[in-house]
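A look at the structure
Next come the chains, spelled out residue by residue.
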Amino acid sequence: MKVRLEAIKPDEDSSFKILLTPRLNELFYWHFHREYEIVYVEAESGIRHIGDHISRYQESDLALIGPDIPHLNFDYGVKATVETVVVQMKENFLGEAFFSLPEMSAVNTLFERARTGLAFYGNTKKLAGEKLKGLSALSHLDQLICLLQVFQILAASEEFIELGARPIAKASVLKEQQRLHRIYHYIETHYQEPIDVNEVAKLSNLTTAAFCRYFKKSTHLTFTDFINRYRINQAKKILLQQQSVTEACYASGFENLSYFNRTFRKFAGENPSAFRKQQASRINTL
């Protein structure tokens, strides 16, 4: 599950990129990029995993993701047909002068909120989703007009959830990207085992003290909290598959059930049994 920096090139004769139903459901594509991204997906159910946020969506989902936020492809693990529209655009993709117009004030506020991720529901999701589904059939100019209409719908809406996802440390610095990738990859491949901070510090060519300062500055978390949060996210995925709390505890790298329960509550705001029961009830009500 290595986090990947995705290089995005706008469509020909366009200032943004449109992707339709990428069919990546067999691929666990954990990635980030410098662009903003709107995702609309229709599926029986799936997992929304954006930064530190993880939940299950039913029937459809609409999210606006800010730059440098790691996220999982929305069709991962979905066995049935998935219809997806993804639009990716750079910040100020129409030019700073355009976004400085007073008419764009609400959209600028929307983009600022989206820096930590937004998910939309209700009539907002329905209206914006219908427009996004018809986007690819339009001319380039009409695509742009339609996209601005989507922004207007989202900017005026109160039907949204703030996901509170954290962007990774400044992705514009390649050296820092590579160092963080090595650290993330080590955690991804060893999270089920005891992880020694001294070993990870050596991997980063830093002393342990310097590594801890660097990691806290880059991620806004201590190394221990980052590992625990990562393991809790893995545990959530296991619980979403209706496996037991004990199975989730040990499969996600915890060695003590009591400590797992305390840590889960710290990061998820509820104990794993309540999380598992809540997710199961959502599925059963459909």
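Residues numbered from 1 in each chain as written. Predicted model: local features only at pLDDT ≥ 70, side-chain atom pairs only at ≥ 80, totals over all residues. Heavy atoms only, no water.

A few words on the overall build of the protein chain. On a plain count of helices and strands, the protein chain comes out with 11 helices and nine strands. By residue count, 48% of the 286 residues in the protein chain fall in the buried class. Long-range contacts, defined here as pairs at least 24 residues apart, represent 71% of the contacts in the protein chain between residues at least 6 apart. Carbon and sulfur atoms make up 51% of the accessible area of the protein chain, which totals about 14,200 Å². (Helix = DSSP H or I, 4+ residues; strand = E, 2+ residues; numbered from the N terminus. Buried < 20%, exposed > 50% of the residue type's maximum accessible area, 1.4 Å probe, protein only. Contact = heavy atoms within 4.5 Å. Areas by Shrake-Rupley, 256 points an atom, 1.4 Å probe, with all protein chains shown as cover.)

Right, let's get into the nonpolar core. Judged by nonpolar contacts, the single largest core of 29 residues is most densely connected at Ile38, Val87, Met89 and Leu132. Counting only elements with at least two residues in this core, the list comes to β4 (36–50), β5 (53–65), β7 (83–89), α2 (105–113), β8 (118–120), α3 (122–133) and α4 (140–156). Per-element accounting of this core gives the leading share, seven residues, to α4. If sequence neighbours within four positions are ignored, Val87 has contacts with Phe16, Lys17, Tyr36, Glu37, Ile38, Leu132, Leu135 and Leu147. Counting 18 residues, the second largest nonpolar core, distinct from the first, contains Ile183, Ile187, Tyr214 and Tyr230. (Core = buried A, V, L, I, M, F, W, Y, C linked by side-chain atoms within 4.5 Å.)

Looking at where Ser273 falls in the secondary structure, it is placed in helix α11 (residues 272–284). Taking the C-alpha atoms as reference points, Ser273 and Ser244, 29 residues apart in sequence, are found 8.5 Å from one another.

What follows covers the pattern of salt bridges. Applying the stated criterion across every chain, the model contains nine salt bridges. The residue Glu199 makes a salt bridge to Lys202 at a minimum N-O spacing of 3.8 Å. Of the two residues, Glu199 and Lys202 both sit in helix α6 (residues 197–203), three residues apart, roughly one turn of that helix. Of the residues examined, Glu199 reaches a relative accessible area of 38% and is grouped as partly exposed. Note on Lys202: relative accessible area 57%, which makes it exposed. (Salt bridge = Lys/Arg side-chain N within 4 Å of Asp/Glu carboxyl O.)

Take helix α10 (residues 257–268) next. In a regular helix each residue adds 1.5 Å, so 12 residues correspond to 16 Å; α10 covers 16 Å between its end C-alpha atoms and thus fits that length. Taken together, the buried positions of α10 are Phe260, Thr263 and Phe264. Angularly, the buried residues of α10 cover 105° about the axis, an arc narrow enough to put them on a single face. The exposed residues of α10 that point more than 90 degrees off its buried face are Arg262 and Lys266. Where α10 begins, the capping side chain belongs to Asn256, and its oxygen is found 2.9 Å from the backbone nitrogen of Ser258. Gly269 sits one or two positions beyond α10 and adopts a positive phi of about 80°. (Expected span 1.5 Å × (residues − 1). Arc of directions from axis to C-beta. Polar contact = N/O pair within 3.5 Å; in protein donor to acceptor, adjacent residues only side chain to side chain.)

Now for unusual backbone geometry. Phi at Asp68 is positive, roughly 70°, even though this residue is not glycine. Here Asp68 shows up in the loop between β5 and β6 (71–72). Asp68 gets classed as buried once you look at its relative accessible area, which sits at 6%.

What follows deals with the packing of helix α8 (residues 223–240) against α10. The interhelical angle for the contact between α8 and α10, taken along N-to-C directions, is 95°, at an axis separation of 10 Å. Relative to α10, the element α8 lies roughly perpendicular. The residues of α10 that touch α8, namely those facing Asp225, Asn228, Arg229, Ile232, Ala235, Lys236 and Leu239, are Tyr259, Phe260, Thr263, Phe264, Lys266, Phe267 and Ala268. For the contact of α8 with α10, the residue count by class is eight nonpolar, two polar and four charged. (Axes fitted to C-alpha atoms, helices over the stretch in contact; angles between N-to-C directions. Parallel < 35°, antiparallel > 145°, perpendicular 65-115°, else oblique. Nonpolar A, V, L, I, M, F, W, Y, C, P; charged D, E, K, R; others polar.)

This next bit is on the pairing of β4. Burial of β4 is extensive: 12 of the 15 residues sit out of reach of the surface. The loop that links β4 with its antiparallel partner β5 comprises two residues; one of these, Gly51, has a positive phi angle of about 60°. (Pairing = 2+ DSSP bridges.)

We now examine the pairing of β5. Within β5, 12 of the 13 residues are buried, which leaves the element mostly enclosed by the surrounding structure. Pairing between β4 and β5: 13 bridges, direction antiparallel. Across the sheet, residue Gly46 finds its bridge partner in β5, namely Tyr57. One ladder, built from three bridges, connects β5 with β8; its direction is antiparallel. Its bridge partner being in β8, Leu62 is matched across the sheet by Phe120.

Okay, the packing of α3 against α4 next. Viewed as axis vectors pointing N to C, α3 and α4 meet at an angle of 175°, and their least axial separation amounts to 10 Å. Considering their axes alone, α3 and α4 lie roughly antiparallel with respect to each other. Residues Thr124, Leu127, Ala128, Lys131 and Leu132 of α3 touch α4, and the partners they reach there are Cys146, Gln149, Val150, Ile153 and Leu154. Looking at side-chain class alone, the contact of α3 with α4 contains seven nonpolar, two polar and one charged residues.

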